[in-house]
Number of protein chains: 4
Amino acid sequence: MDSKEKRRGILERLNAGEVVVGDGGYVMQLERRGYVKAGHWTPEAAVEHPEAVRQLHREFLRAGANVIQTFTFYCSEDKLEISGNVTNITGAQINEAACDLAREVANEGDALVAGCVSKTPCYVKSHSENEVKAIFKKQMDDFLKKDIDFFIVEFVDHVEEAVWAVEVLKTSGKPVGATLCISPHGDMHGVPPGQCAVSLVKAGADIVGVNCHLDPLTCVQTVKLMKAGLEKAGLKAHLMIQPLGFHTPECNIGGYTSLPEYPFALETRAITRWDIHKYAREAYNAGIRYIGGCCGFEPYHIRAIAEEVAAERGFLPPASEKHGLWGAALEMHTKPWVRARARREYWENLLPASGRPKCPSMATPADDYEKQLETKIQM
Amino acid sequence: MDSKEKRRGILERLNAGEVVVGDGGYVMQLERRGYVKAGHWTPEAAVEHPEAVRQLHREFLRAGANVIQTFTFYCSEDKLEISGNVTNITGAQINEAACDLAREVANEGDALVAGCVSKTPCYVKSHSENEVKAIFKKQMDDFLKKDIDFFIVEFVDHVEEAVWAVEVLKTSGKPVGATLCISPHGDMHGVPPGQCAVSLVKAGADIVGVNCHLDPLTCVQTVKLMKAGLEKAGLKAHLMIQPLGFHTPECNIGGYTSLPEYPFALETRAITRWDIHKYAREAYNAGIRYIGGCCGFEPYHIRAIAEEVAAERGFLPPASEKHGLWGAALEMHTKPWVRARARREYWENLLPASGRPKCPSMATPADDYEKQLETKIQM
Amino acid sequence: MDSKEKRRGILERLNAGEVVVGDGGYVMQLERRGYVKAGHWTPEAAVEHPEAVRQLHREFLRAGANVIQTFTFYCSEDKLEISGNVTNITGAQINEAACDLAREVANEGDALVAGCVSKTPCYVKSHSENEVKAIFKKQMDDFLKKDIDFFIVEFVDHVEEAVWAVEVLKTSGKPVGATLCISPHGDMHGVPPGQCAVSLVKAGADIVGVNCHLDPLTCVQTVKLMKAGLEKAGLKAHLMIQPLGFHTPECNIGGYTSLPEYPFALETRAITRWDIHKYAREAYNAGIRYIGGCCGFEPYHIRAIAEEVAAERGFLPPASEKHGLWGAALEMHTKPWVRARARREYWENLLPASGRPKCPSMATPADDYEKQLETKIQM
Amino acid sequence: MDSKEKRRGILERLNAGEVVVGDGGYVMQLERRGYVKAGHWTPEAAVEHPEAVRQLHREFLRAGANVIQTFTFYCSEDKLEISGNVTNITGAQINEAACDLAREVANEGDALVAGCVSKTPCYVKSHSENEVKAIFKKQMDDFLKKDIDFFIVEFVDHVEEAVWAVEVLKTSGKPVGATLCISPHGDMHGVPPGQCAVSLVKAGADIVGVNCHLDPLTCVQTVKLMKAGLEKAGLKAHLMIQPLGFHTPECNIGGYTSLPEYPFALETRAITRWDIHKYAREAYNAGIRYIGGCCGFEPYHIRAIAEEVAAERGFLPPASEKHGLWGAALEMHTKPWVRARARREYWENLLPASGRPKCPSMATPADDYEKQLETKIQM
């Protein structure tokens, strides 16, 4: 029997009201593992070190992910060229290798493969619909040579570019999800989230939402605004969220790239598994049914999503065999004070110390967001 | 030619004045990847999921590690039994599988394999030299069936138990390193670091130092006290350090297990790669030549050690092909403020924000260390 | 010559475009000096310890205040009765004594006396316009027996009650200023600041603004919204601000009384003189010309306002004879590192440490403001 | 009856085992009130603005102080000359006016007057015993023209200079207390606290201890070391403490003048009244019976000392009539969450937020204390 035939598609699952758990962030985690170069963040590791990509796919699958995204971030020809990271490898080679890796691992479980495209340098440079669409078309064609289940447009901060991507990808006949990396203040041209969502759905997107750039609860807020926009316009779409795995209370328009810690000192902002429980519940309560993560989401964060929605899904992920719910595995610890931590209340209420008394708790974003915001508010 | 024959041993390297880069922490990283259960932290993944262990070994090797430690933490028979984590697997099976994995990856580079033993529940329970030594002997015999280069005794907080372990392992004829998980205040019975070092060297340890429990700079301080103790006693040994990858300014006797964040909310205490540069330099300046990490040290932290001592070693590790030194890869970033971060001064002086304004920066350790310390100081 | 005749009134000054410096907070400062009881905060010290009230008036005058407010906070009969703080003293006695003290000190300089009324328990209890107005009328009559220059309605969190107060006080023929203790989110019934300002001006207020409850920059923001509301309505009034002298980034609707530190652990939130410089400039730039302070504003904070607007006013206050501008008096210090602080850049850019590593930097307000706000935003 | 005759002297009180409550800090509080110039901190206000000094004396008396210190800080001729703060006033005039003010207020209660001398610029400049002693002699002669009860040598950071001062003042026949501004690490030449105490007692000091420079609990630690030194030497003396009213966890040798916040941004380090309760109890438990404060101690801090030791003294201070113990006066507050604060547990356990999320919680002292300390520890 063909595994493809029996797979239930992304829309079948979402239409049935199921919670779909997404996977976590690849580029930042693989940077820390030694396979991705920060700066241009291109995914040549899919060709150069497939074992490393495969292993991370597996960890997300094991953590409960229903979707394995192809490791094709920034894998448009124009971006690869600018990056200077690869010389003997083509974008097509990476895209194809990435599809194979994702498929291989997805088939080890009940997961779908999403072919992913992200924003192109071409958009800001040329602002040409034809040129940008040609780039997306080329990448789509690579994907269509392989066995992928649906598409995701992600990490786009101008809704216009995302609309173009959706229009291209819809020609494949496959479902398309689209996530913008925007704040509650809107996209880089100030288009509010509600209006962004309307444009994406009108362009054909089946699933809309946000990814990256800001922390989980802020992203939930943005998706709520998207939802409200769709409702007001009488439109319907599934909602999706894959936020940053870092606390960003500064919540600026430019997102985490504007924070002084980006990209090499974000450790102290990292979210815990308990933050994830809260996030997953908030996302669920907001009506979002495709819940995953982006940069900073490691396998155990994805497992925490799966554990939070275990009742709704009816099962725990494989990796929970190595995890006591809410710290239960500490019950047998030799120290009494550690045993006392084997309970939900403890972890839910803990305010973890940074261990860095000379560091502040909030930073000033580089793009001076506050002034921008103030200007808007006054108008 | 046999790869074993041409390998230069750990003492050859250290005697030649080389800097030996250790690997990072396995149990906590594999917990996050979904393969180790927090609480008892046993290493059955070596049998259950060898691909996951192999991949992490590879990442450390690629990051510059000269030593691959067998993934045999807490792999004594008595600990495995207490843990309840394994039923169909014996300690011998894990030890042997772990040796094979370490060997396989070490041979992919110029690395040595260290067979590792850690503290036993038996010591605190029985306090019987015979029983404890029998346990270490059994684990050593497992290792000796395989091709390992030397032994490391690690994560022992009573110097007496470490001495017993060293005495057993020295019967193998192989070099032995011994690292205690103690603070500058001494071991759990208050034996000062200097005296601990003397006992270990007298028992036969070739390399002595500390691992785990406290942050890098605190551990450097402890090793300095060990060195001073050895010098005062007219003894000589190589020095070794594999600290925690978390900031622990509270520096209590019990170490990080006493912190409220242990083990599931330590994220915000995580050290950056720039903290590592400072640590590696301080360790080097203190005369320590075996420099690695323990819990919290991910591959990129090991790479940062290797990059800091690149001049002394004469080469960069493989993973540096995906890393610009001191942020150099940000030079081409599209945002001017991110480009401005492509320099050493920026990262050296950055005080990273936690993004958690409702959290404190220091915690109160559970074991009320301050009162203990005060008592000592007053005496 | 009668001192009264030659005094230029508050409106004369504001109409002429002068900057009027207000005084600081009485109740909280006199609580710390031992004369006011926290909780009901009534001003019986005007009768019981006139020397203490006189001295604080003098310090504010010396710091540059153009207005001395009568120490009559919460001095309505209904509030005094509830408080239980006084038994042998009537409200009339306090009001009259307070007027005399204010007058005496104001006459030592070129200052005006403002008779002050604040919110009444009666309003929330009875919601009766007649009853509330009768209370204000009674207090006004006390004031009118004495030589006061104008009235201030302050610390009212329902605009309706403030409107009633203004209507009563306007019957005196004297100028009336009205400051609400509200946030940018509006009054306790959600009436937005702009609308509040319009209602107050329509009721006859000559000067409108905010006082207390939130920190200086937040209060500037609220007054800006008031100004915008007036402009939109085609109304004109002078603007006034007397904010809290504490940092309240949580900016909740209930203000500082909802913060866990209120009222006995606010020290660590106290603003510095340098914060004041920034505040005074922002207030001035926003078009506010009556600039003072409320709880937490000590004499040196008022001096800092006067120093910031010295160029605009054309003179420094008397207390500046004991103050080097921007730290200039440190130039002769014996320690070189203290001498290095004798300059504006140093103090403007300093991020002062709290010295409290176990404390957070932000708290959760008791009134769960966030949920309230979220509800509003979504609507 | 002459008030002088019936006064029980400082030694009578201490010998009887009574707790003597000291007063708080004058120069920093009067700087904030507008009467003292930061930098040289000279006390000419005793002549220029006696009403301001008198009022602060009264507030401390009212708060429970048993001793009113003359406002004669840095009032040696050499310091006044360097300061440039006074031209038409002599040191003798200030000393005499200050004695009169202290006497006047002390007589309003059951308080003693202490004539105070502090370190001289001459000591560091000349290192001449004769010259320094001549300066102290001159100041003592001013005091002896007036009615003072005993002497206090304070704010001296070289024990040698303090010894010289004690030797001079003892010639008066009056009791002498001596407090150094040192850390647990010892005086500026590294003389440990225990040895300092021995030298002072041998020179004739009846009471020894520390004042200023570091926070209350650190100062208690230093006085404990003094006590231990005296006990070891078989000497006896009363113990005294008047610490800084600011948190200084950095605890460096140079004290708070080395902190970046000194002297104009210390607000956020200010201690609360609840910190004082803990401090007063710790001091009492350490056997210290003269308990007061220095810079940063306002009247309500002194009241908190008096309230903490009310049981031992048998009475509350006058200012407690305006203070509910442990927040009791909040019981009648209109907000339920504020009423919930009317209890000891609330305030004892509160970790107050700074309201400054961009600020760190600890600073790096300017004198790079850590390196100094490390050097000492290693030796």
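Residues numbered from 1 in each chain as written. Chains lettered and ligands numbered in written order. Predicted model: local features only at pLDDT ≥ 70, side-chain atom pairs only at ≥ 80, totals over all residues. Heavy atoms only, no water.

- The name recorded for chain A in an unreviewed UniProt entry is Hcy-binding domain-containing protein, from Perca fluviatilis.
- We quote the UniProt Pathway (unreviewed entry) comment for chain A here in full: "Amino-acid biosynthesis; L-methionine biosynthesis via de novo pathway; L-methionine from L-homocysteine (BhmT route): step 1/1."
- On record in UniProt, under Function (unreviewed entry), the comment for chain A is "Involved in the regulation of homocysteine metabolism." (UniProt positions renumbered as here; feature names shortened; annotations may be inferred.)

1. Things to note about the sheet that holds strand 1 (residues 20-21) of chain A
As a general point, the strands of a sheet are linked pairwise by backbone hydrogen bonds and lie either parallel or antiparallel.
Residues and elements named next belong to chain A.
And step 1. Within the open sheet, the eight strands sit side by side as 1-8-7-6-5-4-3-2. Their pairing is parallel. Among the strands making up the open sheet, the edge pair consists of strand 1 and strand 2 (67-69).
And step 2. Note that strand 2 and strand 3 (residues 112-118) share three bridges and pair parallel. Looking at the pairing, glutamine 69 lines up with alanine 114 of strand 3.
And step 3. Sheet strands touched by helix 10 (residues 159-170): strand 3, strand 4 (150-156) and strand 5 (176-180). Its angle to strand 4, the strand with the most contacts, is close to 165°.
And step 4. The strands that helix 12 (residues 216-232) touches are strand 5, strand 6 (207-211) and strand 7 (238-242); relative to strand 7, the one it contacts most, it runs at about 160°. (Pairing = 2+ DSSP bridges. Helix = DSSP H or I, 4+ residues; strand = E, 2+ residues; numbered from the N terminus. Contact = heavy atoms within 4.5 Å. Axes fitted to C-alpha atoms, helices over the stretch in contact; angles between N-to-C directions.)

2. Comments concerning the pairing of strand 5 (residues 176-180) of chain B
Regular strands place their side chains on alternate faces of the sheet.
Residues and elements named next belong to chain B.
And step 1. Burial analysis of strand 5 places five of its five residues in the buried class, which makes it a mostly covered element.
And step 2. Burial along strand 5 is two-sided: Val176, Ala178 and Leu180 and Gly177 and Thr179, pointing in opposite directions, are all buried.
And step 3. Of the crossover connections in this fold, the one passing from strand 4 (residues 150-156) over helix 10 (residues 159-170) to the parallel strand 5 is right-handed.
And step 4. Pairing of strand 5 with strand 6 (residues 207-211), which is carried by four bridges, proceeds in the parallel orientation. Bridge pairing links threonine 179 to glycine 209 in strand 6.
And step 5. Each parallel crossover has a hand, and the one from strand 5 via helix 11 (residues 193-203) to strand 6 is right-handed. (Buried < 20%, exposed > 50% of the residue type's maximum accessible area, 1.4 Å probe, protein only. Right-handed = clockwise from strand over helix to strand, strands pointing away.)

3. Side note on the interface of chain A and chain B
And step 1. Contact with chain A, which involves 78 residues of that partner, is made by 78 residues of chain B.
And step 2. The junction of chain A with chain B conceals about 6,800 Å² of combined surface from both sides, 54% of it contributed by carbon and sulfur atoms.
And step 3. At the boundary of chain A and chain B, one finds ten salt bridges.
And step 4. Its salt-bridge partner being glutamate 48 of chain B, residue lysine 322 of chain A comes within 3.2 Å of it at the nearest N-O pair.
And step 5. In this structure, the connection of chain A to chain B is made through 45 residue pairs in polar contact (both at pLDDT 80 or more). (Buried area = accessible area lost by both parts, 1.4 Å probe. Salt bridge = Lys/Arg side-chain N within 4 Å of Asp/Glu carboxyl O. Polar contact = N/O pair within 3.5 Å; in protein donor to acceptor, adjacent residues only side chain to side chain.)

4. What about the UniProt feature "binding site: Zn(2+)" (unreviewed entry) in chain A?
All names here are of chain A.
And step 1. What UniProt calls "binding site: Zn(2+)" (unreviewed entry) maps, in this numbering, to Cys212, Cys294 and Cys295. Over a stretch of 84 residues, the named residues converge on one spot in the fold, their C-alpha atoms separated by at most 6.4 Å.
And step 2. Assignment of secondary structure puts cysteine 212 in the loop between strand 6 and helix 12.
And step 3. If we skip the residues at most four places from it in the chain, cysteine 294 touches Gly24, Gly25, Asn211, Cys212, Gln242 and Pro243.

5. Side note on the state of the cysteines
And step 1. Taken as a whole and judged by the stated rule, the model has zero disulfides over all chains.
And step 2. Cysteine cysteine 212 of chain A shares no disulfide, and the gap to the nearest cysteine sulfur, in cysteine 294 of chain A, comes to 3.7 Å.
And step 3. Left without a disulfide partner, cysteine 75 of chain D is nearest to the cysteine sulfur of cysteine 99 of chain D, which lies 9.6 Å away. (Disulfide = S-S within 2.5 Å.)

6. Digging into the side chain of aspartate 206 of chain A
And step 1. Here aspartate 206 of chain A shows up in the loop between helix 11 (193-202) and strand 6.
And step 2. When residues no more than four places from it in sequence are discounted, the contact partners of aspartate 206 of chain A are Leu11, Lys170, Pro175, Val176, Ala237 and His238 of chain A.

7. What to know about the packing of helix 9 (residues 129-144) of chain D against helix 10 (residues 159-170) of chain D
All names here are of chain D.
And step 1. Between helix 9 and helix 10, whose axes approach to 9 Å, the crossing angle comes to 45°. One element, helix 9, and the other, helix 10, form an angle in the oblique class. In the crossing of helix 9 with helix 10, the sense of the turn from one axis to the other is right-handed. For the pair helix 9 and helix 10, the contacting residues are Glu129, Val132, Lys133, Phe136, Lys137 and Met140 in the first and Glu161, Trp164, Ala165, Glu167, Val168 and Leu169 in the second.
And step 2. Considering only residue class, the contact of helix 9 with helix 10 consists of seven nonpolar, no polar and five charged. (Parallel < 35°, antiparallel > 145°, perpendicular 65-115°, else oblique. Left-handed = near helix turned anticlockwise from the far one by under 90°. Nonpolar A, V, L, I, M, F, W, Y, C, P; charged D, E, K, R; others polar.)

8. Structural notes on the relation of the copies chain A and chain B
And step 1. Once chain A is rotated about the relating axis by 180° and shifted along it by 0.0 Å, it coincides with chain B to within an RMSD of 0.0 Å. Such values leave the two copies arranged in the relation of a two-fold axis. The C-alpha atom lying nearest the rotation axis in chain A is that of threonine 268 of chain A; the distance is 2.0 Å.
And step 2. By residue overlap, the copies meet face to face through one surface: 100% of the interface positions of chain A are interface positions in chain B. (Least-squares fit on C-alpha atoms with pLDDT ≥ 70 in both.)

9. Here we look at unusual backbone geometry
Peptide bonds are mostly trans, and most non-glycine residues show a negative phi.
And step 1. Put simply, tyrosine 262 of chain C and proline 263 of chain C share a cis peptide bond, and its omega is -10°.
And step 2. Within the element layout of this structure, proline 263 of chain C appears in the loop between strand 7 (238-242) and helix 13 (273-285).

10. Notes on helix 5 (residues 50-63) of chain D
Residue and element names in this part refer to chain D.
And step 1. With 14 residues, helix 5 extends 20 Å between its outermost C-alpha atoms, agreeing within 8% with the 20 Å of an ideal straight helix rising 1.5 Å per residue.
And step 2. Counting buried positions over the 14 residues of helix 5 gives ten, a clear majority of the element.
And step 3. Those residues of helix 5 lying buried are Ala52, Val53, Gln55, Leu56, His57, Glu59, Phe60, Leu61, Arg62 and Ala63. (Expected span 1.5 Å × (residues − 1).)

11. A look at the side chain of histidine 213 of chain C
And step 1. Structurally, histidine 213 of chain C can be placed in the loop between strand 6 (207-211) and helix 12 (216-232).
And step 2. Beyond its immediate stretch of four places on either side in the chain, histidine 213 of chain C contacts Phe155, Cys181, Leu244, Thr248, Gly254, Gly255 and Tyr256 of chain C.

12. Focus on the sheet that holds strand 2 (residues 67-69) of chain B
Residues and elements named next belong to chain B.
And step 1. Pairing in this open sheet of eight strands is parallel, and the strands run 1-8-7-6-5-4-3-2 from one edge to the other. Where the open sheet ends on each side, the last strands, each with one partner, are strand 1 (20-21) and strand 2.
And step 2. Along the sheet face, helix 7 (residues 91-106) touches strand 2 and strand 3 (112-118) and points at about 150° away from the line of strand 3.

13. Section: helix 14 (residues 299-308) of chain B
And step 1. In terms of burial, helix 14 of chain B is largely enclosed, as ten of its ten residues are buried.
And step 2. Among all positions in helix 14 of chain B, only Pro299, Tyr300, His301, Ile302, Arg303, Ala304, Ile305, Ala306, Glu307 and Glu308 of chain B are buried.

14. A short note on the confidence of the model for chain A
Residues and elements named next belong to chain A.
And step 1. For chain A, the average pLDDT comes to 94, and 96% of its residues sit at 70 or higher.
And step 2. A low-confidence stretch, residues 373-379 stays under pLDDT 50, and its non-local contacts, those more than four residues away or across chains, total seven contacts.
And step 3. With a pTM of 0.93, the predicted complex shows an ipTM of 0.95. (pLDDT = per-residue confidence, 0-100.)

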